Amino acid sequence: MKKHFTYVDAVNQVYLPEHQFNGVYRSETGAVPFKVTKRRLHGGVQDGIDVVEIDSGRFVFTVALTRGMNVLCARCDDLELKWDSPVGGPVHPKFVPLFAPNGCGWLEGFSEWIARCGLESNGAPEFNSSGVVYPLHGRIANLPARKAELTVDEESGVIELSGDVREVSVFGHNFLLHVKYSIEIGSTKLRVEDSITNLSSMDDEFELLYHINTGNPLVGAGSRALVPFKTMCPRDANAVSELPEWDRFVDPVSGRPETCYFFDLATDSDGKTKTALFNRDETRGVALSFNKSDFPYFILWKTQRPNEDIYVSGMEPAVNFPNTRSFEKRNGRVVAIQAKETRVFSFELEALVGADATQRCAHEIAALQKNVVPEIQPSPNSEWCE
């Protein structure tokens, strides 16, 4: 039997300020208690943010309805999946100056484990004589869901949270982002499926990138990234200087520059690929799986400063590299979408708890690399890096 709850429906003026649903899923392997809680945060810069926490028995994750349906943090057993952003937690979009003069106001609200970047643009800020044209990472992460619904299927044991976010303006773009998170009760895997619809009567273009950011306690000195690839290049001089240790994490250094590496990933015969982050002793990790037909590009982001500043790594599947929109347009990486067309993108995140899980994941990634000789370019690729 499916149970359905509407948390937000702006069109029909439906709003559920608080809600809790408890249940027990019974299968051949036993009974698993689960719980879903919806509430509104109060006080400080988080004031007014609606969040939904889904505890599926093992995997727990919290979605900020007010921040583009992004995932604030997650936990599986004793494994925390998060990072410690210096902004101190979720920030309501009303406190984020997206069009700050430096184009980087987006960073004043950046704290999520999964953060969407797009849709008009998703890379570095871009300016003209009047000021900011495209702010850093776009608008979608700072737009609230206009609709959000929960479905619990007590027969199949699947919990789904979905939401609609509109990026639209008069005489501008008219995009609908439909987000769907689904998880099986008792599972260690979270599936994310996003669809983008061009509601306009005119053809348009978009960009899309996901920051999947993991830091303390999983990622720290001694951790490593596993990335199967055909070609990789450092984004800039900072990344060039750290190229020998691109896949390793080291002791934090105050003020250390961020580094980024751009990839063309290796896949299996169906286009499927996988990347991962492991902790120091390789007994904990997180794996990201997707199809390269959805995300032809991948970015590994590393910032290794003291944790009170920022120690984090981002696994970033994308339809383009995070350069200025005009640079990506010139290099053919801005995605065309026809009037009324819908494009669907999906990926899966798996919490790796225990050495058996990390070893299995490492073998799967090694199999993707087995028949591909990786090319590491010693300097930024002029077609990839601005």
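This text follows the structure it describes.
Residues numbered from 1 in each chain as written. Predicted model: local features only at pLDDT ≥ 70, side-chain atom pairs only at ≥ 80, totals over all residues. Heavy atoms only, no water.

### Things to note about the state of the cysteines
Inference 1: What the rule picks out here adds up to zero disulfides.
Inference 2: The cysteine Cys-260 is free of any disulfide, with Cys-385 supplying the nearest cysteine sulfur at 9.4 Å.
Inference 3: The exposure class assigned to Cys-260 is buried, which follows from its relative accessible area of 5%.
Inference 4: With no disulfide of its own, Cys-385 lies closest to Cys-233 among cysteine sulfurs, the gap being 3.6 Å.
Inference 5: Owing to a relative accessible area of 8%, Cys-385 belongs among the buried residues under this scheme. (Disulfide = S-S within 2.5 Å. Buried < 20%, exposed > 50% of the residue type's maximum accessible area, 1.4 Å probe, protein only.)

### Details of the nonpolar core
Side chains of nonpolar character tend, in soluble globular proteins, to be buried together.
Inference 1: In this structure, Tyr-7, Phe-59, Phe-61, Trp-113, Phe-263 and Phe-347 are the most contacted members of the largest nonpolar core, which totals 73 residues.
Inference 2: Counting residues per element, this core draws most heavily on strand 14 (residues 174-184), at five residues.
Inference 3: Not counting residues within four places of it along the chain, the set of residues in contact with Phe-59 comprises Ile-54, Ala-74, Arg-75, Cys-76, Leu-81, Trp-113, Ile-183, Ser-187, Thr-188, Lys-189, Leu-190 and Ala-351. (Core = buried A, V, L, I, M, F, W, Y, C linked by side-chain atoms within 4.5 Å. Helix = DSSP H or I, 4+ residues; strand = E, 2+ residues; numbered from the N terminus. Contact = heavy atoms within 4.5 Å.)

### Concerning the side chain of Asn-198
Inference 1: Checked against the element boundaries, Asn-198 lands in strand 15 (residues 189-198).
Inference 2: A polar contact is formed between the side chain of Asn-198 and the backbone oxygen of Met-202, at a distance of 2.8 Å.
Inference 3: Residues contacting Asn-198, with those up to four places away along its chain left out, are Asn-174, Phe-175, Asp-203, Asp-204, Ile-337, Gln-338, Ala-339, Lys-340 and Glu-341. (Polar contact = N/O pair within 3.5 Å; in protein donor to acceptor, adjacent residues only side chain to side chain.)

### Regarding helix 3 (residues 355-369)
Inference 1: The end-to-end C-alpha distance of helix 3 is 21 Å, a good match for the 21 Å that 15 residues give at a rise of 1.5 Å each.
Inference 2: When helix 3 is considered as a whole, its buried residues turn out to be Ala-357, Thr-358, Cys-361, Ala-362, Ile-365, Leu-368 and Gln-369. The buried residues of helix 3 occupy an angular sector of 130 degrees when the element is viewed end-on, so they sit on one face. Residues of helix 3 that are exposed and point over 90 degrees away from its buried face: Asp-356, His-363 and Ala-367.
Inference 3: Close packing links the buried residues of helix 3 with strand 17 (224-226), strand 18 (229-234), strand 20 (272-278), strand 21 (284-291) and strand 25 (342-353). (Expected span 1.5 Å × (residues − 1). Arc of directions from axis to C-beta.)

### Comments concerning the sheet that holds strand 17
Inference 1: Strands sit in the order 2-1-12-13-14-15-25-21-20-17 across an open sheet of ten strands; the sheet is antiparallel. This sheet does not close on itself; its edge strands, each paired only once, are strand 2 (14-15) and strand 17.
Inference 2: Strand direction decides the pairing type here: strand 1 (residues 2-9) and strand 12 (residues 147-153), joined by seven bridges, are antiparallel. Each bridged residue has a counterpart across the sheet, and for Asp-9 the counterpart in strand 12 is Lys-147.
Inference 3: Lying on the sheet, helix 3 is in contact with strand 17, strand 20, strand 21 and strand 25; it crosses strand 20 at an angle near 135 degrees. (Pairing = 2+ DSSP bridges. Axes fitted to C-alpha atoms, helices over the stretch in contact; angles between N-to-C directions.)

### Remarks on the layout of surface pockets
Inference 1: As a volume, the largest pocket reaches approximately 550 Å³.
Inference 2: Around the largest pocket, the lining comprises 26 residues; the ones closest to its centre are Leu-136, His-137, Arg-235, Glu-258 and Trp-301.
Inference 3: Listed by contribution, the elements that provide at least two residues to the lining of the largest pocket are strand 19 (259-265) and strand 22 (297-304).
Inference 4: Here the residues of the lining of the largest pocket sort into 14 nonpolar, six polar and six charged.
Inference 5: Taken as a whole, the second largest pocket holds about 270 Å³ of empty space.
Inference 6: Surrounding the second largest pocket, 14 residues form its lining, Lys-272, Thr-273, Ser-289, Phe-290 and Asn-291 being those nearest its centre. (1 Å grid on protein atoms, 1.4 Å probe; cavity = no way out; pocket = protein on both sides within 12 Å on 5 of 7 lines; lining within 4 Å. Points joined across faces, edges and corners; volume = space filled by probe spheres on them. Nonpolar A, V, L, I, M, F, W, Y, C, P; charged D, E, K, R; others polar.)

### Some remarks on the packing of aromatic side chains
Inference 1: Summed over all chains, the structure comprises 21 aromatic pairs.
Inference 2: Between Phe-262 and Phe-321, the ring centres sit 4.6 Å apart and the planes meet at 10 degrees, which makes this aromatic pair stacked. With Phe-262 in strand 19 and Phe-321 in the loop between strand 23 (311-318) and helix 2 (325-330), this residue pair connects regions lying 59 residues apart in the sequence. Note on accessibility: Phe-262 and Phe-321 belong to one class, buried.
Inference 3: These aromatic residues form a ring-pair network of at least three members: Phe-175, Phe-206, Tyr-210, Phe-290, Phe-295, Phe-345 and Phe-347.
Inference 4: In this structure, Lys-302 is placed above the aromatic ring of Phe-249, and the distance from its NZ or CZ to the ring centre is 4.9 Å. (Phe/Tyr/Trp six-rings, centres within 6.5 Å; stacked < 30°, edge-to-face > 60°. Lys NZ or Arg CZ within 6 Å of the ring centre and 35° of its normal.)

### Some points on the environment of Ser-382
Inference 1: Relative to the elements of secondary structure, Ser-382 occurs in the segment after strand 26 (375-376).
Inference 2: Linking Ser-382 and Arg-235, residues 147 residues apart in sequence, is a C-alpha distance of 9.6 Å.

Honestly, that's just the spatial picture; any functional story needs more than this.
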